[in-house]
Amino acid sequence: PRDDVQLQAAISNLVLGSCIIIKDPLQGTWPVLPITVGKVYRWFYSIMRRKKLKSSWKSVLPYKKALMRWATQYQKDPFSVLDADVVDDMRKAFKAEFPVLPKQIKIQITDDLFAAVVRSLSPSNPIDRVDRDLYTVLKIAGTRVSSLVLGADKRRFDRIVRLKHVVFLPSSRNRQRVFMLLPVTKTRSAADPVGMMLERNHNPKSKVCAVESLYRQVRRRKRAGAKGNDVLFWNARSNRPYSRNVFTTRFKGRIDKVASWRIGNTKLKGKPSAYISGISFRKAVLQKLKDMGMSPSQVATYATHKTLAAQMNYVAATVESCAEVAAALYTGL
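Quick notes on the rules
Residues numbered from 1 in each chain as written. Predicted model: local features only at pLDDT ≥ 70, side-chain atom pairs only at ≥ 80, totals over all residues. Heavy atoms only, no water. Salt bridge = Lys/Arg side-chain N within 4 Å of Asp/Glu carboxyl O. Helix = DSSP H or I, 4+ residues; strand = E, 2+ residues; numbered from the N terminus. pLDDT = per-residue confidence, 0-100. Contact = heavy atoms within 4.5 Å. Axes fitted to C-alpha atoms, helices over the stretch in contact; angles between N-to-C directions. Parallel < 35°, antiparallel > 145°, perpendicular 65-115°, else oblique. Nonpolar A, V, L, I, M, F, W, Y, C, P; charged D, E, K, R; others polar. Phe/Tyr/Trp six-rings, centres within 6.5 Å; stacked < 30°, edge-to-face > 60°. Buried < 20%, exposed > 50% of the residue type's maximum accessible area, 1.4 Å probe, protein only. Pairing = 2+ DSSP bridges. Patch = residues over 30% accessible without salt bridge, like charges linked within 9 Å, V, L, I, M, F, W, Y side chains within 5 Å. Areas by Shrake-Rupley, 256 points an atom, 1.4 Å probe, with all protein chains shown as cover.

1. As for the pattern of salt bridges
And then number 1: Here the structure, examined in full by the defined rule, presents 12 salt bridges.
And then number 2: Residue R254 pairs with D131 through a salt bridge whose shortest N-O separation is 2.6 Å. On the criterion of sequence distance, the pair formed by R254 in helix α10 (residues 244–258) and D131 in helix α6 (residues 126–141) is long-range, its members being 123 residues apart.
And then number 3: Three or more residues are tied together by salt bridges with common partners; here these are D128, D131, R250 and R254.

Okay, here's the thing in structure tokens:
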């Protein structure tokens with residue numbers, strides 16, 4: 001449009017939700033940018049939720065200005081003036097209820113599934129060898145994944161285990177045990193670190209041993225020139241500390257390759273990896289501790305939980321446990 005009347009009409013169509021191309025004689029044709037009123041309202045609402053702003057719609061106005069400054073590169077600002085009708089619409093948008101989809105509950109990784117993932121790793125691939133040792137430590141130790149790889153929270157560099165935090169006992173040549181210090185955890189600060197002792201697997205037929213896996217990784221890092229303050233697990237492909245995103249992407253991809261996409265004759269609604277994550281290792285370990293007869297307080301202490309109720313997200317009642325309770329109730333009758 002070349003006159004102001006046609007330009008205003010075009011902008012009105014854009015505000016009403018039309019994705020159009022506005023042609024300016026000075027700047028040429030601008031690309032299509034599907035910014036509509038409804039989409040902007042919902043975007044403002046999502047920012048308010050993520051940033052934990054005030055409940056008022058006015059708390060997102062600084063973000064609105066930033067968005068409009070960016071959008072003016074491509075199209076005219078449809079919200080240059082907030083009239084009474086627009087203000088009323090924005091208020092209504094923030095009062096609307098947005099459905100929240102429930103997250104998929106993650107299940108435990110079984111021994112069979114773990115063995116299938118390990119078999120899929122190539123012993124000739126150096127990246128697969130690192131992943132195998134990482135999976136083995138998580139399968140036995142049951143630590144939070146962000147203790148061994150770099151998470152996304154503010155304390156990620158404080159939480160990650162480094163070479164100086166791993167000590168073999170009685171010595172590295174005679175590796176019967178390994179002491180691993182978790183400097184900072186989700187529930188513990190640096191003033192109250194957590195120490196974990198792992199035993200060597202004495203079964204000669206088994207190739208799964210957390211102590212040997214940690215030893216191989218420590219030796220691998222020292223050969224690369226790493227010192228005591230360097231992180232334990234390193235991503236050789238990016239030449240950076242092993243991150244949680246890389247771990248999740250690789251692990252889920254391997255789960256989809258080895259796991260069944262059906263339960264009986266019923267096909268899963270999504271990928272098998274949707275039911276598995278890094279927390280699946282921790283759930284399996286804590287469930288085993290519970291099935292072995294450890295008390296809830298012992299499980300909570302091992303998992304560094306603040307309360308006993310926190311472990312209910314990890315362990316579950318089984319038919320065997322119900323039978324044990326029934327047998328105890330009949331004692332003496």
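2. Structural notes on the confidence of the model for the chain
And then number 1: Averaged over the chain, the pLDDT score is 79; the fraction of residues at 70 or greater is 66%.
And then number 2: Of the regions scoring below 50 in pLDDT, residues 14–33 engages in 34 contacts with residues more than four places distant in sequence or in other chains.
And then number 3: Between residues 77–82, whose pLDDT stays under 50, and residues either more than four places distant or in other chains, the model counts 13 contacts.

3. Section: the packing of α6 against α10
And then number 1: Where α6 contacts α10, the two axes come as close as 12 Å, and the packing angle between them is 90°. Comparing the axis directions of α6 and α10 gives the class roughly perpendicular. Contacts from I127, D128, D131, L134, Y135 and L138 of α6 reach α10 at F247, R250, F251 and R254.
And then number 2: Broken down by class, the residue content of the contact of α6 with α10 amounts to 6 nonpolar, no polar and 4 charged.

4. A few points about the packing of aromatic side chains
And then number 1: Evaluated as defined, the whole model comprises 6 aromatic pairs.
And then number 2: Taking 6.0 Å as the distance between ring centres and 70° as the angle between the ring planes, the aromatic pair formed by Y135 and F247 counts as edge-to-face. In this pair, Y135 sits in helix α6 while F247 sits in helix α10, placing the two residues 112 residues apart along the sequence.
And then number 3: For the ring pair F251 and F281, a centre distance of 5.1 Å and an interplane angle of 40° mean the geometry is tilted. Of the two residues, F251 is situated in helix α10 and F281 in helix α11 (residues 279–291); the sequence distance between them amounts to 30 residues.
And then number 4: Through successive ring pairs, a cluster of aromatic residues spans Y135, F247, F251 and F281.

5. Some details on unusual backbone geometry
Phi is mostly negative for residues that are not glycine, and the peptide bonds are mostly trans.
And then number 1: Going from L169 to P170, the amide bond is cis rather than trans, its omega being -5°.
And then number 2: Inspection of the secondary structure puts P170 in strand β3 (residues 166–170).
And then number 3: Positive phi, close to 60°, is recorded for N239, a residue that is not glycine.
And then number 4: Position of N239 among the secondary structure elements: in the loop between β6 (234–235) and β7 (240–241).
And then number 5: A relative accessible area of 55% places N239 in the exposed class.
And then number 6: For T304, which is not glycine, the phi torsion reads 55° and is therefore positive.
And then number 7: One can find T304 in the loop between α12 (296–303) and α13 (319–329).

6. A short note on the pairing of β3
And then number 1: Across 5 bridges, the pairing between β3 and strand β4 (residues 175–182) is antiparallel. Looking at the pairing, L169 lines up with R177 of β4.
And then number 2: The loop that links β3 with its antiparallel partner β4 comprises 4 residues.

7. Overview of a nonpolar patch on the surface
And then number 1: A contiguous nonpolar surface patch, about 220 Å² in accessible area, is contributed by V167, L169 and M197.
And then number 2: When you line up the elements, V167 lands in strand β3.

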